Amino acid sequence: SQTIHQWPATLVQPVGSPLSLECTVEGTSNPNLYWYRQAAGRGLQLLFYSVGIGQISSEVPQNLSASRPQDRQFILSSKKLLLSDSGFYLCAWSVNAGRETQYFGPGTRLLVL
Amino acid sequence: AQKVTQAQTEISVVEKEDVTLDCVYETRDTTYYLFWYKQPPSGELVFLIRRNSFDEQNEISGRYSWNFQKSTSSFNFTITASQVVDSAVYFCALTLYSGGGADGLTFGKGTHLIIQP
């Protein structure tokens, strides 16, 4: 069966520091991968998605970037964090075929101080 | 662009009551998928159901049931005989079908369901 991992689970970072969040998927090949952010309150917003290694699509211009160095690895990064980057970051995967169901990881809670 | 509206921000009921969570969507496309996810306090989104726009049959899974009506652009979710473990935030979401590639989900803002013992 497929599993999706995210780390770290929680992170407290100062403003201006760099960021690297990692997401890995097991039990499947060539998945579609997604990064979402859930700001305080609710509201999930799609940040990036990827259909393959090195292929990244950005949905929202921001202080963040994403990379996919390996088939089942998706990384969310920032060179300099802003206070507004605080939130709950969720990674998701789906089968790479049309609009298959997206399955979410446990998430990373990021607090920028 | 598509839009999903969950007008109920928070619902509180007593255990064993039935409760319906509303979801209304907007899209110009004729082919799309609708989803419901559950987000317990731990934060992880748990997939509950997917429905495509061609299938308006209602679905029942245990205490959960879903009512999809294209005429009113609604995809409502009913929990029968609610339990405390049903307490969570529930999200309705939509994605368009384009036969390939990838696209993100458009989420509603969620409904916080509180089941009181």
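In the block above lies the structure referred to throughout.
In this numbering scheme, every chain counts its residues from 1 along its sequence in written order. Labels are handed out in written order, letters beginning with A for the chains and numbers beginning with 1 for the ligands. At least 70 in pLDDT is required for a residue's local features to be given in this predicted model, at least 80 for side-chain atom pairs to be given and counted, and no such filter applies to totals for whole chains, interfaces and linings, which use all residues. Note: side-chain values were computed over all heavy atoms of the structure, leaving out hydrogens and water.

Draft legend 1. Just the overall build of chain B, in detail. Counting from the N terminus, the helices are DSSP H or I runs at least four residues long and the strands are E runs at least two residues long. Scanning chain B for helices and strands turns up 0 helices and 12 strands. Throughout, the radius of gyration refers to the C-alpha atoms, and the reference size of a globule is 2.2 Å times the residue count to the power 0.38. Relative to the globule expectation of 13 Å for 117 residues, the C-alpha radius of gyration of chain B, 14 Å, shows essentially globular dimensions. The C-alpha extent of chain B, read off along each of the three principal axes, is 45 × 30 × 25 Å. Here chain B holds 117 residues, and the buried ones make up 45% of them. Pairs at least 24 residues apart make up 55% of the contacts formed inside chain B by residues separated by at least 6 positions. As presented, chain B carries roughly 5700 Å² of accessible surface, and 48% of it is formed by carbon and sulfur atoms. Across chain B, the mean location of the 9 positive side-chain charges is 3 Å away from that of the 13 negative side-chain charges. Throughout this description, buried means an accessible area under 20% of the type-specific maximum (1.4 Å probe, protein chains only), exposed means over 50%, and partly exposed covers the range between. Here, two residues are considered to be in contact whenever any of their heavy atoms come within 4.5 Å of each other. Where accessible areas are quoted, they stem from the Shrake-Rupley method and a 1.4 Å probe; at the residue level, only the protein chains shown are allowed to cover. Charge assignment: positive for Lys and Arg, negative for Asp and Glu; neither His nor the chain ends contribute. Charge positions are represented by NZ for Lys, CZ for Arg, CG for Asp and CD for Glu.

Draft legend 2. Representation of the side chain of B:Arg51. All names here are of chain B. Looking at where Arg51 falls in the secondary structure, it is placed in strand E6 (residues 46-52). Residue classification places Arg51 among the buried positions, given a relative accessible area of 8%. Of note is the side chain of Arg51, whose polar atom sits 3.0 Å from the side chain of Asp55. Any pair of nitrogen or oxygen atoms within 3.5 Å is treated as a polar contact; in protein, a donor-acceptor pairing is required on top of that, and neighbouring residues in sequence qualify only through side-chain atoms on both sides.

Draft legend 3. Broad picture of the nonpolar core. For our purposes a nonpolar core is just a set of buried Ala, Val, Leu, Ile, Met, Phe, Trp, Tyr and Cys residues, chained together by side-chain atoms within 4.5 Å. Core analysis: the biggest nonpolar cluster contains 24 residues, and B:Trp36, B:Phe75, B:Phe77 and B:Tyr90 have the highest contact counts within it. Elements that contribute at least two residues to this core include exactly strand E2 (10-14), strand E3 (19-21), strand E5 (32-39), strand E8 (64-69), strand E9 (74-79), strand E10 (88-96) and strand E12 (111-116) of chain B. Listed in part, the 19 residues of the second largest apolar core include A:Leu19, A:Cys23, A:Leu81 and A:Cys91.

Draft legend 4. The pattern of salt bridges, seen in detail. Residue and element names in this part refer to chain B. Criterion for a salt bridge: a side-chain nitrogen of Lys or Arg within 4 Å of a carboxyl oxygen of Asp or Glu. Within this structure, the stated rule accounts for 5 salt bridges over all chains. The partner of Asp86 in a salt bridge is Arg63, and the shortest N-O contact between them spans 2.8 Å. Residue Asp86 is found in the loop between E9 and E10, and its partner Arg63 is found in the loop between strand E7 (59-61) and E8; the two are separated by 23 residues along the sequence. The class for Arg63 is partly exposed, based on a relative accessible area of 25%. Through salt bridges with shared partners, one network takes in Arg51, Asp55 and Glu59.

Draft legend 5. Here's a closer look at the packing of aromatic side chains. In this scheme Phe, Tyr and Trp rings, the latter by its six-membered ring, pair at centre separations within 6.5 Å, and the angle between planes marks the pair as stacked below 30 degrees, edge-to-face above 60, and tilted otherwise. Taken as a whole, this structure holds 22 aromatic pairs over all chains when the rule is applied. One aromatic cluster is present, built from ring pairs that chain together A:Tyr34, A:Tyr36, A:Tyr49, A:Trp93, A:Tyr103, A:Phe104, B:Phe35, B:Tyr37, B:Phe47, B:Phe91 and B:Phe107. Between the NZ or CZ atom of B:Arg50 and the centre of the ring of B:Tyr33, over which it lies, the distance is 4.3 Å. Comment: the charge-over-ring label is applied if NZ (Lys) or CZ (Arg) is within 6 Å of the ring centre and within 35 degrees of the ring normal.

Draft legend 6. Spotlight on the state of the cysteines. Criterion for a disulfide: a pair of cysteine sulfur atoms at a distance within 2.5 Å. One pass over the full model with this rule turns up 2 disulfides over all chains. Note that A:Cys23 is cross-linked by a disulfide to A:Cys91, the S-S spacing being 2.0 Å. On the S-S bond that ties A:Cys23 to A:Cys91, the torsion sits near -75°, and the link is left-handed. Here A:Cys91 lies in strand E9 (residues 87-94) and A:Cys23 lies in strand E3 (residues 19-26), a separation of 68 residues in the sequence. Summarising the burial analysis for this pair, A:Cys23 and A:Cys91 share the class buried. The partner cysteine of B:Cys23 in its disulfide is B:Cys92, sulfur to sulfur 2.0 Å. Between B:Cys23 and B:Cys92, the disulfide has an S-S torsion of -65° and is therefore left-handed.

Draft legend 7. Local environment of the interface of chain B and chain A. Each partner contributes residues to the interface: chain B has 29 residues there, and chain A has 22 residues. Here the buried area means the combined drop in accessible surface, using a 1.4 Å probe, for two parts upon being joined, counting both sides. For the chain B and chain A pair, buried surface summed over both sides reaches about 2000 Å², with 52% attributable to carbon and sulfur atoms. In this assembly, chain B and chain A are joined by 0 salt bridges. Seen at the junction of chain B and chain A, the total is 3 residue pairs in polar contact (both at pLDDT 80 or more). For the side of chain B that touches chain A, the secondary-structure elements that each account for two or more residues are E5, E6 and E10 of chain B. Considered class by class, the residues forming the side of chain B that touches chain A number 13 nonpolar, 12 polar and 4 charged. Each residue gets one of three labels, nonpolar for Ala, Val, Leu, Ile, Met, Phe, Trp, Tyr, Cys and Pro, charged for Asp, Glu, Lys and Arg, and polar for the others, Gly among them.

That's the geometry; what it means functionally is another story.
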